[in-house]
Amino acid sequence: MEASAGLVAGSHNRNELVVIRREGEATGRKLLQNLSGQTCQICGDDVGLTAEGELFVACNECAFPICRTCYEYERSEGNQVCPQCKTRFKRLKGCARVEGDEEEDDVDDLENEFNFVGRRRDTQDMQYIAEGMLQGHMTYGRAGDADMLPQVVNTMPTVPLLTNGQMVDDIPPEHHALVPSFLGGGGKRIHPLPFSDPAFPVQPRSMDPSKDLAAYGYGSVAWKERMENWKQKQEKLQVMNENGGKDWDNDGDGPDLPLMDEARQPLSRKLPVPSSQINPYRMIIIIRLVVLGFFFHYRVMHPVNDAYALWLISVICEIWFAISWILDQFPKWLPIDRETYLDRLSLRYDKEGQPSQLSSVDIFVSTVDPLKEPPLVTANTVLSILAVDYPVDKVSCYVSDDGAAMLTFEALSETSEFARKWVPFCKKFNIEPRAPEFYFAQKIDYLQDKVLTSFVKDRRAMKREYEEFKVRINALVAKAQKVPEEGWTMQDGTPWPGNNVRDHPGMIQVFLGQSGGHDTEGNELPRLVYVSREKRPGFNHHKKAGAMNALVRVSAVLTNAPYLLNLDCDHYFNNSKALKEAMCFMMDPLLGKKVCYVQFPQRFDGIDRHDRYANRNIVFFDINMKGLDGIQGPIYVGTGCVFRRQAFYGNDAPKTKKPPTRTCNCWPNWCCCGCCFSGKKKKKTTKSKSEKKQKKFRRLDSGAPVFALEGIEEGIEGIESEKSTMLSETKLEKKFGQSPVFVASTLLEDGGTLKIASPASLLKEAIHVISCGYEDKTDWGKEVGWIYGSVTEDILTGFKMHCHGWRSIYCIPDRPAFKGSAPINLSDRLHQVLRWALGSVEIFLSRHCPLWYGYGGGLKWLERLSYINATVYPWTSIPLVAYCTLPAVCLLTGKFITPELSNVASLWFLSLFICIFATSILEMRWSGVGIDDWWRNEQFWVIGGVSAHLFAVFQGLLKVLAGIDTDFTVTSKAGDDQDFSELYAFKWTTLLIPPTTLLIINLIGVVAGVSNAINNGYESWGPLFGKLFFAFWVIVHLYPFLKGLLGRQNRTPTIIIVWSILLASIFSLLWVRVDPFLAKSDGPVLEECGLDCH
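In this text, all values refer to a predicted model and were calculated from it rather than measured experimentally.

What counts and what doesn't
- Residues numbered from 1 in each chain as written.
- Predicted model: local features only at pLDDT ≥ 70, side-chain atom pairs only at ≥ 80, totals over all residues.
- Heavy atoms only, no water.
- pLDDT = per-residue confidence, 0-100.
- Contact = heavy atoms within 4.5 Å.
- Buried < 20%, exposed > 50% of the residue type's maximum accessible area, 1.4 Å probe, protein only.
- Helix = DSSP H or I, 4+ residues; strand = E, 2+ residues; numbered from the N terminus.
- Pairing = 2+ DSSP bridges.
- Salt bridge = Lys/Arg side-chain N within 4 Å of Asp/Glu carboxyl O.
- Phe/Tyr/Trp six-rings, centres within 6.5 Å; stacked < 30°, edge-to-face > 60°.

Asks: Explain the confidence of the model for the chain residue by residue, including any values.
Replies: Confidence along the chain averages 75 in pLDDT terms, with 67% of residues attaining 70 or more. Here residues 239-250 is a poorly scored stretch, pLDDT under 50, and it has 21 contacts once near neighbours within four places are set aside; other chains count. Contacts of residues 1076-1082 to residues separated by more than four positions or lying in other chains number 12 contacts, the stretch itself having pLDDT below 50.

Following this line, the structure appears as structure tokens:
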């Protein structure tokens, strides 16, 4: 994949492919220089070099030329001895341990201690399968590809492999312990010897008793001394487990890892909430449940006869609120924190001076409309990605432009040029954050802790460069305001392929790649790829979820990193070590295999100090998500999430082997055998053929997907017979689509691209996988990738992964990993909440509803409660609107929802209020959330509930039942230089009418109630206090809305005030005229006769 390839645009269905080169680009291609060395006498490949640049030597005794691949294969699959001298192979640095390896003092290779060969064997088999499949079917059904493919070579060695360690040679078995000496001398070999002719007689030499027997494959005579030294080291380095020896993940299936030196320690650990904080919290929850039971017993058994309808509505609403509280409360029963150890990660996988063993990561950035999502914001996100503190060859950034805007394309081109200066500046001075807009906007002493004298000069120069970069970007934005009639044209005069947003080919441009991405200091830069998927009329493109699935396929074809990170265009790297934080969980040998994603909390810039509209969502991110992390993991929130690629492919989480069940010794042997074996036999014989067939499709314990590739055995000789009984190629194509390159990439669990494909063929295949008809008749959007069926594809996608048995991790670094921009006014905020709620309603009305989907899988019941709450919460708007209307009704009619309270009833009411406040206080105590954040969350829960959630329910019903689709509005991102300039601005939206109406009728009710009490005397003031408290509860919760409605400059739209007053007036007149909640008397109507009977 080269940066000089130009913009590749095309349509697979129309068999079109155009390469548009930028002006002045060189057409030549640099040839790679391959180091030539000795030839492996087993497979015929080059022996290769070590990490230090020296020739690889497998056998230190005879220097038999063997490459690293054959060396590792013989150690893991064969008899672990040299084919020529029959000396046992020693473990070399960088290679995994195998059974029988000795402890060696001269090999310090801690990072490979846990890389066992069983996993590598499956990985190599999958590599052979993938490449063999690609060879056999790369040109299947594809016109014009033959000339773009390289000459296909056999992926298997031409020389027969060492099968089970057997090879025919001239050395008899009785001489296997003897070392051949070709030169007749017994001196130590430094340079490898050439391979001798098998016909040449081997001259054996006898073993030297003074020499270490390990050289002859028999072990070491000093093993006792080494073992004693090793034990002494372990006693010094051993650390007591703070959890008392419990499992790290509380799953009961984690292996016991010895606590040795720092590099072998776990990369992360749980930090449970102290018992002094969590136990009172749990106790008050139980007490609150008991009080709720007595409260509802009283409410149901004591109706209000003269206002029965008011009483019935209030009881129904209160029961719904109680159910909603239970769904929200119990997933917070097991909150935890987590701690990561970046130094241990570096010691194990990223040692200085050695090639990094950290896994590769593909980063996705999605954008649609550059006018609502300013290009400067997207550029800052991309720059922070390119400057991330991670090996540059392991990072690839893919920008999805779903609007096919030339403005985004040109801005990205400018960004790639500026990155050549910005990235070395960031890494030289280790600055944070690495988004220039937010770095230069910091109001801090930038000279603090900066010891380099050149920093001030370089910082000033870089700020000047960034200001010029902003001028160029803003000039592009100004130019894009007026579209030419003939459409946009590129620099070479070629029409922009995306002039028609709804009908354009797929486009891919590699801005920074392996051959063209270097900064001003000559260092390599991460890859940067522009992607705009094909769009045609008549196809359902599935909005953001479809765009993300296109990125999954493109990245799998071009780079195929085992991990993915998705970010919104306005979420930049605030912590350059965020990827390493995630790798502490993903690459942890104890925890990583079962983790499908690591979710980071969302943090925001540009929010006013009081956070009037609860934009920060502190309660959700710091309380709810921590609670879920103690169960099966947090839900996916759409951005700031690192995924395991294999989890997107619809695979189940790897199953861990459970220890064998123990039988009781107190029973006779015949009884145990009779009971146990009879049950097993019965269960085994009752299995149907379909169940046996389904068993073949399950995943291996190692986490690699089990696939069968029938009909593609060519070039895959040597694979075990197990592979031939797995999923067929037809089923793979039905699942993943008609792309042999992509299907082959799904077999590589540890990622990596296929070596036999050329960059040109990969780019053409990438255009194919983003074609608009690629997903037809496949499992994309159903079981694979981001799941379709809801505008909130994030919740649905995470839910499906948890149903497959995966778990997720919630990571909260000390420095926030990512920061973004939140909606800057109430209207945009309500539209954002409306979209979230609409997605939840769509999930609730679909087959994926957590109430009935996913049983029998790996979803835990407390995790299910959280997903039920995430899909049910919009329906709370109906009882909430009714409950907020009741205070005004009570004040206008003089009635109330409860009868006159007795002492016992007052006790239950008082106890309930105390429990509510105690729960909140204890929750804030263990989570660290401030009371102001908690109160803003409570206020906006009411504001959003009576406006956006209510509209979402009706829109969802219309969409599902009547088929009326409603497009969501993209919330505008902060792009104005003036702080909080749009905080008080209002835009016309019907979402503002319901809360305004509730405010007015409650204020009218308060005035009417107080007036009535003044007219009727002091006896009516007692019952009035309960009604006023009820009304003030509503008004106080809607106070931020009222404050925003008035505005700083009284800019409230007149139509909102007119509609609200009109509805409130009609409502009040109806109560005066109809008065439906007053008891009707059945007796005669008594009128005053005017006579004085006394």
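On we go.
Asks: Summarise the pairing of strand 10 (residues 527-532); cite the residues concerned and give the values.
Replies: Counting buried positions over the 6 residues of strand 10 gives 6, a clear majority of the element. Every second residue of strand 10 is oriented toward a common face, with Arg527, Val529 and Val531 on one face and Leu528, Tyr530 and Ser532 on the other, all of them buried. Pairing of strand 8 (residues 395-401) with strand 10 involves 5 bridges; the strand directions are parallel. Within the sheet, the bridge partner assigned to Ser400 lies in strand 10 and is Val531. Sheet analysis places strand 9 (residues 506-512) next to strand 10, joined by 5 bridges and oriented antiparallel. Pairing of Val510 across the sheet is with Val529, part of strand 10.

Asks: Explain the pattern of salt bridges residue by residue, including any values.
Replies: Taken as a whole and assessed by the stated rule, the structure comprises 31 salt bridges. Between Lys819 and Asp605 there is a salt bridge whose closest N-O contact spans 3.7 Å. Placement of the pair is Lys819 in strand 17 (residues 818-821) and Asp605 in strand 14 (residues 603-605), with a sequence separation of 214 residues. Two residues, Asp629 and Arg807, come together in a salt bridge whose shortest N-O distance is 3.4 Å. Of this pair, Asp629 sits in helix 13 (residues 618-629) while Arg807 sits in strand 16 (residues 807-810), and the two are 178 residues apart along the sequence. According to the relative accessible area criterion, Asp629 is buried, its value standing at 1%. You can call Arg807 buried: its relative accessible area is 5%.

Asks: Residue-level account of the packing of aromatic side chains, with values.
Replies: Using the criterion set out here, one finds 49 aromatic pairs in the structure. On the basis of an interplanar angle of 80 degrees and a centroid distance of 5.2 Å, the ring pair of Phe409 and Tyr530 is categorised as edge-to-face. In this pair, Phe409 sits in helix 8 (residues 406-429) while Tyr530 sits in strand 10, placing the two residues 121 residues apart along the sequence. In this pair, the class of Phe409 matches that of Tyr530, namely buried. Centroid distance Phe418 to Tyr466: 6.0 Å. Interplanar angle 45 degrees. Geometry classified as tilted.

Asks: Give me the lowdown on the environment of Trp908, citing residues and values where you can.
Replies: Structurally, Trp908 is set in helix 23 (residues 903-927). In this structure, the C-alpha to C-alpha distance between Trp908 and Leu292, residues 616 residues apart in sequence, is 8.4 Å. Not counting residues within four places of it along the chain, the set of residues in contact with Trp908 comprises Val291 and Phe294.

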